[in-house]
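Chain residues, written in single-letter form:
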Amino acid sequence: MILINAGHGGSDCGAVGKSGLQEAIVNLNVAKRVQKYLADRGIESVIYQQKKSLNEIIKIENAIDFEFGVSIHCNAATDRNANGVEVLYYPTSRKGKELAQCIQDQLVKKTGLRDRGIKPRSDLGFLRRTKSVCVLVECAFISNEKEEQMLKDNYSLFAQGITLGIVDWMG
């Protein structure tokens, strides 16, 4: 079974775009679509979105024997021109790096957005404190008006990219 974490939630709505679009809502929409696409391929997954803190997601991930986990997020920056997609992985996780690259490749193909590459990150709890292989997907910049609109209107493209990357990695 795969853990799909729809990033943020509860009182933490994450980043907010210029139009008022909340990251937590985008993340949940993308996560639900990923779950549907995986189910269509016979792959079982479960979605969790935090109610109070990220710690509850980490506890769930560590308590259940997941094959791997994918946390879905939107990027944000003070520079409104920042753009593109990237996938983060824990630096010493070879499998995490491979999964990140598969998802990154498919996200770029499906969305046509700038390839910011995969990046090692040791400071993120979801990557550092979980037992199974985990990656964190930054779908696009919600702070960029063009990408915010895409996250709102075409979030299924992000779900398709994530799903195809997962399927590629699972072989």
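Just so you know, these numbers come straight off a predicted model, no measurement behind them. (Residues numbered from 1 in each chain as written. Predicted model: local features only at pLDDT ≥ 70, side-chain atom pairs only at ≥ 80, totals over all residues. Heavy atoms only, no water.)

K.L.:
Requested: an account of the packing of aromatic side chains, with residues and values cited.
P.N.:
Tallied over the full model, the rule gives one aromatic pair. Relative to Trp-169, the ring of Phe-68 has its centre 5.0 Å away and its plane inclined at 85°; by these criteria the two rings are edge-to-face. Here Trp-169 lies in helix 6 (residues 155–170) and Phe-68 lies in strand 3 (residues 68–75), a separation of 101 residues in the sequence. (Phe/Tyr/Trp six-rings, centres within 6.5 Å; stacked < 30°, edge-to-face > 60°. Helix = DSSP H or I, 4+ residues; strand = E, 2+ residues; numbered from the N terminus.)

K.L.:
Lay out the pairing of strand 6 (residues 133–141) in plain terms, naming residues and giving numbers.
P.N.:
Of all nine residues making up strand 6, nine are buried, and the element is well covered by its neighbours. Judged from the seven bridges that link them, strand 3 and strand 6 form a sheet pairing that is parallel. Of the residues in strand 6, the one forming a bridge with Gly-69 is Cys-134. (Buried < 20%, exposed > 50% of the residue type's maximum accessible area, 1.4 Å probe, protein only. Pairing = 2+ DSSP bridges.)

K.L.:
Explain the packing of helix 1 (residues 23–40) against helix 6 residue by residue, including any values.
P.N.:
Relative orientation of the contacting elements helix 1 and helix 6 amounts to 45°, with a least axis distance of 8 Å. The orientation of helix 1 with respect to helix 6, classified from their angle, is oblique. Once helix 1 is placed against helix 6, the crossing between them reads as right-handed. For the pair helix 1 and helix 6, contact is made by Asn-29, Val-30, Arg-33, Val-34, Tyr-37 and Leu-38 and by Tyr-155, Ser-156, Phe-158, Ala-159, Gln-160, Ile-162, Thr-163 and Ile-166, respectively. In terms of residue class, the contact of helix 1 with helix 6 is built from nine nonpolar, four polar and one charged. (Axes fitted to C-alpha atoms, helices over the stretch in contact; angles between N-to-C directions. Parallel < 35°, antiparallel > 145°, perpendicular 65-115°, else oblique. Left-handed = near helix turned anticlockwise from the far one by under 90°. Contact = heavy atoms within 4.5 Å. Nonpolar A, V, L, I, M, F, W, Y, C, P; charged D, E, K, R; others polar.)

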